[in-house]
Amino acid sequence: MGRPSPLGDEDRSDYAEVLDEVLASAEVRRLLERSEVGGGQLRIRALASAPHTARAAGAEYRAYAELRRELSGRGPGSAPAPLSGPGHQERPGAGALAVLGVLTPILAAVAAATFLLLGYGLRLTGSLAALADTLVRVGWISLTVAAATSLISIVALYRTAALQSAPVPPPGADRSADLDRARRAWRTALRDKGIRPFLLQELAGAAGDGAPGHGPRFTPPAFAGPDFTGPGFSSPGHGTPGAGSPRLPDTRR
């Protein structure tokens, strides 16, 4: 018993497609016409020899199969993708910073309004002039902080919206391209290293077997018909010595 085929069930259709491509090439068709070998019979022999023929492109096939198993996500070490999308978007402290970025301008604006109202109110009454000047100064500082933090928050919100609206390639897009390249490399190696040399070898052997004294490899042997010559019957002039044809009476009178 031979070794099992290295191809998976999902790859046998690729093997058949590459085989048909080589059979349809001008080189193989020309050799088929010269050797008088049927293309269908040669295809059957190539399909039956798939375990041996595909082994010539074993390195390319192993690389392709390994990458396909990796992308399938069914390996024992595979982990589910995070629900938040690609990358580590959930970082410790990110929520607190977002809340602080929203609340700081509001609190600074409220403090600025409060200090300015109290400071200018004391100035109008003419009492506690030193305290009034301090409240007014703190009020303007708070208003400046509110304006700056508001501007920073607006820029951050705009940047976040731009990043979310930008098209993001789906996870594994680059690896899918790598998988296509690995599949093409395997099919090329299968064609050049396995199937084409096998077909040329078979056709060369069929041409060699068709030399004088040999029958073609793919042509069934011819069977000679049985000898129906009965004993004791021979043509005139070819009988055995002493045994001639019976003499007929002379009727000429």
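Parameters at a glance
- Residues numbered from 1 in each chain as written.
- Predicted model: local features only at pLDDT ≥ 70, side-chain atom pairs only at ≥ 80, totals over all residues.
- Heavy atoms only, no water.
- Helix = DSSP H or I, 4+ residues; strand = E, 2+ residues; numbered from the N terminus.
- Buried < 20%, exposed > 50% of the residue type's maximum accessible area, 1.4 Å probe, protein only.
- Contact = heavy atoms within 4.5 Å.
- Areas by Shrake-Rupley, 256 points an atom, 1.4 Å probe, with all protein chains shown as cover.
- pLDDT = per-residue confidence, 0-100.
- Salt bridge = Lys/Arg side-chain N within 4 Å of Asp/Glu carboxyl O.

With that settled, consider the overall build of the protein. Counting its secondary structure elements, the protein contains eight helices and zero strands. The buried share among the 253 residues of the protein stands at 22%. Residue pairs at least 24 apart in sequence account for 73% of intrachain contacts in the protein once pairs closer than 6 positions are excluded. Just so you have it, the protein exposes about 18,700 Å², and 63% of that area is on carbon and sulfur atoms.

Let's shift gears to the confidence of the model for the protein. Taken over all residues, the pLDDT of the protein has a mean of 74, while the share at 70 or more is 65%. pLDDT under 50 marks residues 75–91. Its contacts with residues more than four places away, or in other chains, come to four contacts. In the predicted structure, residues 211–220 sits below a pLDDT of 50 and forms 16 contacts with residues beyond four places in sequence or in another chain.

Now for the pattern of salt bridges. If you walk through the whole model with that rule in mind, you get 15 salt bridges. The closest approach of N and O atoms between R43 and D20, which form a salt bridge, is 2.6 Å. One end of the pair, R43, is in helix α3 (residues 39–48); the other, D20, is in helix α1 (residues 12–23), with 23 residues separating them in the sequence. Overall, the relative accessible area of 27% leaves R43 in the partly exposed class. The exposure class of D20 is partly exposed, given its relative accessible area of 34%. As a salt-bridge pair, E60 and K193 come within 2.9 Å of each other at their nearest N and O atoms. A residue pair is termed long-range when its members are at least 10 positions apart, and E60 in helix α5 (residues 58–72) and K193 in helix α8 (residues 173–209) qualify at 133 residues.

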